[in-house]
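Coordinate analysis (summary)
Here are the chains, one letter per residue:
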Amino acid sequence: MVDVTASTLQVAIEVFATAAFALSGLIAGARKKLDAFGVFVVTGVAAFGGGTLRDVLLDRRPFFWVEHANWIWLMLCVCMLAMFFMRHKHIQLTERAILIPDALGLGLYAALGTQITLQQQLPLIVCTLMGVMTAVFGGVLRDIFCNEIPKAFSDYQPYAVIAFLGGLLVWLLNQLGAASWICIFIPATLVTLLRILAIYFAWRLPGWKTESN
């Protein structure tokens with residue numbers, strides 16, 4: 001199969017990852033009964049927060065949402081239409097409705113963030129952590145803006161750990177000389193599936209033990 005050029009692949013993956021996290025932000029804002037502007041802000045920080053932090057730390061310009069500003073207009077329209085539709089149909093959103101788009105965004109952004117950083121020939125640990133920040137930071141901002149303790153820090157389920165493992169797999173596939181789309185697609189799929197399995201089977205990470213426990 002013909003390898004996809006790096007720039008085309010990265011834009012495509014960023015679009016899908018942005019859409020997935022935007023959906024999670026939209027659902028979170030709607031669940032909190034925010035007004036139209038509030039839902040738009042939560043949707044935006046969930047969609048662009050992780051990628052923007054990555055690009056700031058790597059000094060990459062322009063940012064994705066600056067270079068593709070039409071996505072902001074599209075997101076605004078979708079937020080308005082979604083709020084009208086959900087209110088008109090009296091749709092009740094549960095917390096679990098956020099989990100699938102969040103898992104998909106986690107996988108895509110973890111793989112993409114690591115791949116982008118590897119292209120700058122930085123150390124393995126830096127590349128992997130950049131992938132984790134790209135994948136996690138948008139969801140953290142989403143929860144903070146919704147006045148919640150970020151689930152990535154508080155629910156004891158593997159989240160950042162899964163993203164970290166996905167980043168390591170991206171590095172390994174690059175070392176093996178795999179095509180660009182394989183280096184992103186396989187880790188992204190694995191991270192997404194592991195996150196869904198962690199939710200379904202209620203996997204837990206060790207927590208701090210205190211005397212009050």
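Residues numbered from 1 in each chain as written. Predicted model: local features only at pLDDT ≥ 70, side-chain atom pairs only at ≥ 80, totals over all residues. Heavy atoms only, no water.

1. Focus: the environment of G25
Cut-off, in case you're wondering: What counts as a helix is a DSSP run of H or I of at least four residues, what counts as a strand is a run of E of at least two, and both are numbered from the N terminus. Whether two residues touch is decided by their heavy atoms; if any such pair falls within 4.5 Å, the residues are in contact.
Along the chain, G25 turns up in helix α1 (residues 6-31). Apart from the residues lying within four places of it in its own chain, the contact partners of G25 are V42, T43, A46 and R142.

2. With respect to empty space enclosed by the protein
Condition: Here a cavity denotes grid points, spaced 1 Å and computed from the protein atoms alone, that fit a 1.4 Å probe unable to get out, and a pocket denotes an open set having protein on both sides within 12 Å along at least 5 of 7 lines; residues with an atom within 4 Å of a point are the lining. Grid points are joined across faces, edges and corners, and a volume is the space filled by probe spheres set on the points. Ten residues, namely Ala, Val, Leu, Ile, Met, Phe, Trp, Tyr, Cys and Pro, are considered nonpolar, four, namely Asp, Glu, Lys and Arg, are considered charged, and the remaining ones, Gly among them, are considered polar.
Enumeration according to the criterion identifies 2 cavities of 30 Å³ or more in this entry. Lining the largest cavity we find A28, R31, K32, I98, R142, D143, C146, E148 and K151. Sorting the residues of the lining of the largest cavity by element identifies α1 and α6 (124-145) as the ones contributing at least two each. Classifying every residue of the lining of the largest cavity gives 3 nonpolar, no polar and 6 charged. For the second largest cavity, the calculated volume is near 40 Å³. E14, A47, F48, G51, T52, D55, F63, F64, W65 and Y109 are the residues that line the second largest cavity. Only α2 (36-58) and α3 (64-67) provide two or more residues apiece to the lining of the second largest cavity.

3. A word on the packing of helix α5 (residues 99-118) against α6
We count it as follows: Think of each axis as a best-fit line through the C-alpha atoms, taken over the contacting stretch in the case of a helix, with angles from 0 to 180 degrees between the N-to-C directions. By the definition used in this description, the sense in which the near helix is turned from the far one sets the handedness, with an anticlockwise turn below a right angle giving left-handed and a clockwise turn giving right-handed.
Relative orientation of the contacting elements α5 and α6 amounts to 145°, with a least axis distance of 7 Å. The interaxial crossing formed by α5 with α6 has right-handed handedness. The residues of α6 that touch α5, namely those facing D102, L106, Y109, A110, G113, T114, T117 and L118, are V126, C127, T128, M130, G131, T134, A135, V136 and R142. Classifying every residue of the contact of α5 with α6 by side-chain character gives 9 nonpolar, 6 polar and 2 charged.

4. What to know about the pattern of salt bridges
The criterion, for reference: Note on definitions: salt bridges are taken to be side-chain nitrogens of Lys or Arg within 4 Å of carboxyl oxygens of Asp or Glu. Here the term buried applies to any residue with accessible area under 20% of the maximum for its type, exposed to any over 50%, and partly exposed to those in between, with areas from a 1.4 Å probe on protein chains only.
Going through the model one piece at a time under the given rule, you end up with 9 salt bridges. Among the ionic pairs, K151 bridges to D143, the shortest N-O distance being 3.7 Å. Each of the two residues, K151 as well as D143, counts as buried. Taken together, the shared-partner salt bridges connect K32, D102, R142, D143, E148 and K151 into one network.

Just geometry here; none of it tells us what the structure is for.
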